[in-house]
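So you can see what is in the structure, the chains are spelled out below.
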Amino acid sequence: MLRFLGQRAAMGLLTIFVTTIAVTLLIHLVPGDPVEIMYAQSQGTTPEQIEAMRSSLGLDQPIPVQYLHFVGRLLQGDLGVTIRGQQSVAQLLLQRLPNTLALAALAMAIATLIGMPLGFLAAYKRGTLLDGVLMVTAIAGISIPHFWLGLLLLFWLAVDLGILPVAGSGPLNIVLPALTLGLSNAAIVARMTRSAMIDVMSQDFIRTAHAKGLPKSRVLRRHVLRAGLVPVVTVMGLQFAFMMGGAIVVENIFAWNGIGRLALEAIFQRDYPVIQGFILVFATTVVVVMLALDAVYALLDPRIRRS
Amino acid sequence: MTDVTDTADAPGREERKGRTPFVVRLVRQPAGAIGLAIVVALVAIALLADQIAPYSPIKMAAGRPLTSPSFEHLLGTDEFGRDMFSRIVHGARLTLQIGLIAVGISLTVGTLIGLVAAYAGGFVEKLLMRSTDVVFSFTETLIALAFVAVLGPSLENAMIAVGIAGVPFYARTCYASALGEEGKPYFEASIAAGAGHARLLFLHLLPNVVPTMIVIATLGLSNAILAAAALSFLGLGAQPPTPEWGAMLSAGRDFFNRAPWLMLYPGLAIALTVLAFNILGDALREALDPRSKDRS
Amino acid sequence: SAGDIVWARYGDIDTLDPHRATSTLSLQVWSLIYDTLLATDKDGKPVPNLAESWEASPDGTEYTFKLHEGAVCHDGTPLDANDVKYTVDRAFDETNPSVTKASWGPIEKVEVVDPTTVKFTLEKPFVALIPFLADSFSSIICNSNEGKDGFGTSVAIGSGPWKFASWTKGDQIVLEKNPDYKNFGKLADNPGAPYEDRLLITTVPEPQARLAGLKTGAIDVAEPPLDDVAMLKESGDLDVVTAENTGQNVFFEFAVHRPPFDDVRARQAVAYATDPEAAISLIYGDLSMPEQCPISRGVFGNDQEFCAKHRPQYDPEKATELLGEMGYAPDKPLEVNLLVWTGGKRDKLAEVFQAQLAAVGIKADIQMMDIGTMNARVRQENENPEGKGSMDMMTWSWYDPDILYALWHSPGAYRGYTSPELDAMLEKTRVLTDQDERRKAVEDVMAHLLEKAIHVPLYTPGWEWVFAVRPEVEGFKVAPFVYPIFSDVKIADKD
Amino acid sequence: MALVDISGLTIGFGAEETLPPVVDGVDLAIGKGEIVALVGESGSGKSMTALSIVGLLPERGKVRSGRILFEGEDLLKCGDAQLRSVRGARIGMIFQEPMTSLNPVLTIGEQLVEALIVHEKLSQAESRKRAIAMLERTGIDDAARRLRQYPHEFSGGMRQRVMIAMMMALKPALLIADEPTTALDVTIQAQILDLLRDMVRDLDTSLLLITHDMGVVAEMADRVVVMRGGKVVEEGDCTAIFAAPQADYTRRLLAAVPTLDDPPRRVGAGAFGSSVLRLETVSRSFGGGGFFFAKAPLKAVDGVSLTVRAGETLALVGESGSGKSTLGRLAMRLETVDEGRVVVAGEDITRLSGRGLRRVRRAIQMIFQDPYASLDPRFSIGRTIAEPMIVAGGADRRKIRERVGALLERAGLAAAMAGRMPHELSGGQRQRVAIARALAVNPRIIVADEPTSALDVSVQAKILDLMIELQEAEALAYLFITHDLAVVRRIAHRVAVMRKGRIVELGAAADVLERPRHPYTRSLIAAAPVPDPARRGERRHAAAEIEVPALETAGEWRAVGDEHWILA
Ligand SMILES: Nc1ncnc2c1ncn2[C@@H]1O[C@H](COP(=O)(O)OP(=O)(O)OP(=O)(O)O)[C@@H](O)[C@H]1O
Ligand SMILES: Nc1ncnc2c1ncn2[C@@H]1O[C@H](COP(=O)(O)OP(=O)(O)OP(=O)(O)O)[C@@H](O)[C@H]1O
Ligand SMILES: [Mg+2]
Ligand SMILES: [Mg+2]
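Residues numbered from 1 in each chain as written. Chains lettered and ligands numbered in written order. Predicted model: local features only at pLDDT ≥ 70, side-chain atom pairs only at ≥ 80, totals over all residues. Heavy atoms only, no water.

Identification of chain D as ABC transporter ATP-binding protein from Jiella avicenniae is taken from an unreviewed UniProt entry. Under the UniProt heading Subcellular location (unreviewed entry), the entry covering chain D gives this text: "Cell inner membrane". (UniProt positions renumbered as here; feature names shortened; annotations may be inferred.)

An unreviewed UniProt entry lists chain A under the name ABC transporter permease, from Jiella avicenniae. Recorded in UniProt under Sequence similarities (unreviewed entry), the annotation for chain A is "Belongs to the binding-protein-dependent transport system permease family." Here is the UniProt Subcellular location (unreviewed entry) comment for chain A, exactly as written: "Cell membrane".

Residue and element names in this part refer to chain C. In total, this model carries 21 aromatic pairs over all chains according to the counting rule given. Geometrically, the ring pair formed by F252 and F353 is edge-to-face, given 5.3 Å between the ring centres and 65° between the ring planes. On the criterion of sequence distance, the pair formed by F252 in strand β13 (residues 248-254) and F353 in helix α11 (residues 346-359) is long-range, its members being 101 residues apart. The two residues F252 and F353 agree in class, both being buried. Among the aromatic residues, those joined into a ring-pair cluster are F92, W104, F132, F137, W396, W398, Y399 and F481. Seen from the ring of W341, R346 lies directly overhead, with NZ or CZ sitting 3.6 Å from the centre. (Phe/Tyr/Trp six-rings, centres within 6.5 Å; stacked < 30°, edge-to-face > 60°. Helix = DSSP H or I, 4+ residues; strand = E, 2+ residues; numbered from the N terminus. Buried < 20%, exposed > 50% of the residue type's maximum accessible area, 1.4 Å probe, protein only. Lys NZ or Arg CZ within 6 Å of the ring centre and 35° of its normal.)

All right, on to the sheet that holds strand β9 (residues 223-228) of chain D then. Backbone hydrogen bonds hold the strands of a sheet together, and the pairing may be parallel or antiparallel. Residues and elements named next belong to chain D. Sheet architecture is open: six strands sit in the order β6-β7-β8-β3-β9-β10, paired in mixed fashion. Every other strand in the sheet has two partners, leaving β6 (91-94) and β10 (231-237) as the edge strands with one partner each. Put simply, the sheet's adjacent strands are angled 15° from each other on average, direction ignored. Here five bridges tie strand β3 (residues 35-40) to β9, and the two strands are oriented parallel to one another. The partner of V36 across the bridge, within β9, is R223. Sheet contacts for helix α7 (residues 186-203): β3, β6, β7 (174-178) and β8 (206-210); angle to β7, the most-contacted strand, approximately 165°. In this fold helix α10 (residues 248-256) packs onto β3, β9 and β10, with an angle of close to 105° to the strand it touches most, β9. (Pairing = 2+ DSSP bridges. Axes fitted to C-alpha atoms, helices over the stretch in contact; angles between N-to-C directions. Contact = heavy atoms within 4.5 Å.)

Another aspect to go through is the packing of helix α7 (residues 146-160) of chain A against helix α8 (residues 175-201) of chain A. All names here are of chain A. At a minimum axis separation of 9 Å, α7 and α8 run at an interaxial angle of 135°. Taken together, α7 and α8 sit at an angle that is classed as oblique. Handedness of the crossing formed by α7 with α8: right-handed. Residues H146, L149, G150, L153, L154, L157 and A158 of α7 pack against L176, L179, T180, L181, L183 and S184 of α8. For the contact of α7 with α8, the residue count by class is nine nonpolar, four polar and no charged. (Parallel < 35°, antiparallel > 145°, perpendicular 65-115°, else oblique. Left-handed = near helix turned anticlockwise from the far one by under 90°. Nonpolar A, V, L, I, M, F, W, Y, C, P; charged D, E, K, R; others polar.)

In structure tokens form, the structure reads like this:
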């Protein structure tokens, strides 16, 4: 298991390493002069200021040197300052990361709580009308663009029923965006769970369990569910990454003050230090979460835990 | 001469004989038939958009602004008096293009990487698969964002970004499938017969991974359409007056209260298309699944 | 909670430091935290504020301001001439000058004559100084901010009606009422501290979400989706307050150093081909109006009739003719890019213009971008001698015709059109102290710009000027140049 | 009265009108304590019959008519709950695949005790005790500790023991074993069969044993039921059926069974031509490397030297995982050697690549175990057979087409079949196609990796005949890989016995099979079941006496007879 996790961790480090390179190169791929774009708005910017910015971004040095500088500063937790307003990028990102994480985690919980039982039920009732209805609903759920779903929920739950706050960052405000994200992902989780469980149900060892004369419920609970969880957990990591991505859209709709909205603003403002920092933080978060899920996976699967 | 009919030969294998043709198996499933029908209809609409649409999709003041659906304007008009029905119809063309191009990119690059990695083995394999693994954890949205951040928002960039983001998944699937095929004796038999690299790759491996990849691509198409629509929604995709559904949906939200159909129809169009490709993909998978081979 | 006013906007400020940003969103917040030497009356004219009076030397190079006594900074220190000097010196700091340093004019030095008297010395006359000092670009920063860590992000000591409490970027700015505030000249009826305890300025990018918040009462004041304004007015659920004298001006300009827009006929063709009136009424209804002048209504020198005579008016046939002369025809359209910045339904408006242009054989590709990016792009397009034709829908808000100097005097804000002749005309607008003479000079400049179709005015106002207000909120008003005022706001019991 | 009395059992999939039944009016009775063997070719309905007894037919399978009386009660009329109380408690079932029949995420212990808890309402502690006792009876030592382990920590044979322990713990009246040893090595098969027999006898359980291996039947059964095409074609006492089969099918079946008593192929010394394949101290390891962490390599083939001469069949035998296939693949250059040399038709192919390698491949060809998998499903038969010729180049299309026809006929198929796709052929026909392909370029030697073990015995016999016929006509050499000693006897001139990557015994087939000198060879032969109930229990060598030495101690080649060596 340690070996397995070690490998995954090494993989994660590699990912982050590649990200740092990509992020360093990012600014060079921008057509035109990025620093000028950044400062274009401020009419009074002096050439000295532009030069100062250029050198603080290290753009006047060869790329490998820039890279080393970047990593050097990174190791000190320094991601530079925003172009607009000169705030610390690292601080900004770290301040908002928890919001996105909370959102994605709650959404994941919602998706799991709704999707898993339904997927399990559908697998159990495979081929019946219920299964059909559930799966058509799930596909329909996947097919609804989540930004649309978000607006529908907003008007229904917040305006018409008035039971949830609309937008902002209060404790209850997380519910709507999380619900939006969770619901559209619940469908995916349900489908995943169903196919994983069906897979398990057709395995020889389930036939063995039946042959032992165990009650159906016991077979489902002990044998199908336990074994089926393993493949489901493996895809959860991806699911989470997916939600982090989807969070950008819902954060924007519900004014949830997450890292995704920050990134979106930064993109429109060409605030490259923020974009760089965002990509790095985002990728790192995904890597860490996936690693954590890998650990859960390893715990669930004795073939890995015991080796 | 030895008996030609070989009567005693395993009837257990017999079920492979007279296997129903693939398409028949596909449309025999209600889902497959429905999915296929919708997709065919969509393609027809896309191809015949100019004939079907009663108005130009970008011509303003084709009717009065914001009229609700009527006989003249089946789906009403938008705030510029453009005919929504015509826009949706033309949007079908665009949306399919987006899906096809994005998936085309993912599919070609992914398949190539997967095939080569599986075939070449050794260092090349490790390098290719590890790097796709790395890209994998970046997620679609992140790649798209980075792409748009660098090159600026446009539909082309969004398509390319969605396409690139899909590569790792296709590469992995293709890789796994190709590894499976490679492990089968027929592949070694061809090596033993002296087949060269090109022959092995393109005559044996490729055709045998294609069915899997088609299924993936069908399911991926719906993904790509949604992703591109989300980018448009964020203002990172299609630019006006392009009748892209995601952009239309995004534009329509200003009229959420006054003219709800402006959001409803593009939303439904996206949902229906995605739905169609999803169930078609599912049906394809089912039809290609050996376990379903002799279902009635 | 009770005593809180919630004001939601589409975006956040860039910084609390008035020398580090130019966005309207930032300026609006600065105007609440900081005070200014002068203020504007409801017509946009400069009036005394912190400065109870001022005098200019006859040659126009010295200005002496007499400050009111009793103005207090949020940290309790009195606001006096030293704070004014601190502010100006900071704007001209050599290592890190204000991003709007140019707009302060040719200030040579600022002297503290006594605690309530401060003297500005200019290198040469600069008549736009007075209106500038009424704008929040010239917010007086208390010198107790000196050396404070986090000035601009976590610290902002001013003397305005609201005290800065906290700022969570992207989310919310919390301001508390300044109990010591004395209103000397700002456009509020309230002579002292605001009535409500706190002002929460939150960011809600999605217009529909803002509307939802307004409806549920989570938000008190916000820009509604523009398309719902008519409905809101009608239903009476919410009050709609429209800002006047915004100073905003939306116009076409062109990349003039390369074909096709180096040819005046191409620019004129665009001007003839577009019908702003029709477009605006389609997109904004009666919320916005056409503008004939390169400077906005309410700004010195604006004269609709005068400008209308010089600006090419909607005439698609004329446009087709001009294009025909240049060798373009419907089957051989002129292809150009049309750059537009996001928000305010400008994308929709651009679509209408796009359709109008298409009618005369100009195929315009709309490219949406953030204002910062667009500023950069426009400059790049001007500096690039080759490429597809490029035009853009630019926006500026300014309180004085001096904006024309900033835009079109060599080298030009965007490195666009300049000429020695125009330079000379523009220089005159800066130094003429006599109002009538100056008006004449401004008119000359405008005529030049309009006839050559350099600056094709479209409409005013252009962004963030409509506010929907909950019925229980009373006393909300908007001063000229889109500065909302919350000092008079009283909120009736919510239920 | 019989414990189980099945009559008129008919099972089908899907709609009755469209699909014929797969089990068609089967009558079958099992007496108390009796061992009944259900035999028949693949697909004849054996498994379906067995599964219907416990009500575990696959999803769409339905009993269309019939009656299954168990202890006097019709199981087909039982409700689900009642059936579950019978399953496990009264009827146990063991399946073919020991590797997948246990839940990988639960411990052996959990899986062993749960049926006890459910059926006998035993406490956790008591059922644990029973489980341990049962495990110990199956010969698994340190059973208490083993309970905490997971299936992946067990070998295939051990897992099958766990299955048996699990099913016997409840002392069922009937045990159904569906091909319980097919996936196992002969040596382990022998142990499992012994265990099954002992336990069934001790607990007075009846056993329904499903198999297609007549050797196993002869070893185990009291009574035999022969099925074909869903129907019972013959049933009767085991010895009687072996001695005098009545049904035509049974006769053919028995005739096709190769036995160790058939005379081995004998050919006088010098009858063979020159060497066509020579392996010189060839080694090959797997594993090691790893992207981040190194793994310990596994020596699959370890310093093997062999020669195969023209017209000769060298059989390679040995337990699963001993490196037989790897050796074959090394000879084919499908795998590269780590050390040593491979010489084919006088040419060293060890370092060849590209064109040179392709030229050599005309001299050496291969036939695989699974005839279906060895044909590209997307290539027509004709295209498959033509491939080696096309690759070799030089021939025009018409010539190739003609030759494909000739080859098909040579392999016993009609030339007109060239247009068919692999799935349109039967298993035996497919293997003939594979042979035709191998012959396409007139090779000197064919490596055949278990070419018949996926086939039914009757088909197997025909394929072996074809191979022998071809060999005699064209002086072909075979490197024939198998684990079935009876097949060896039928086809091999010489035998090499492999164990853990090394050849431990090499000699003429007759010598090795009749006078095995290496203890490992002797244990292999001892384990092979004899398809003759009359000689049940009689072993060529008492298995218990054989002590196979650990490999590390073996080293020197020693001649023990004429052209007969062992590693000792
Ligand atoms: N799930 C299924 N759907 C349809 N037909 C099936 C299914 N399972 C088995 N069959 C068919 O039922 C027939 C009998 O199968 P069964 O498994 O009983 O054969 P068997 O005698 O056990 O063969 P083997 O020796 O290969 O195990 C076969 O023709 C097979 O194709
Ligand atoms: N490509 C490979 N990678 C890693 N290990 C391998 C590979 N091929 C074979 N092995 C290992 O080498 C050993 C010998 O395998 P091989 O297939 O030659 O055995 P075999 O004698 O043919 O067995 P069987 O009778 O089961 O076919 C086994 O332990 C196997 O796991
Ligand atoms: Mg069977
Ligand atoms: Mg093998």
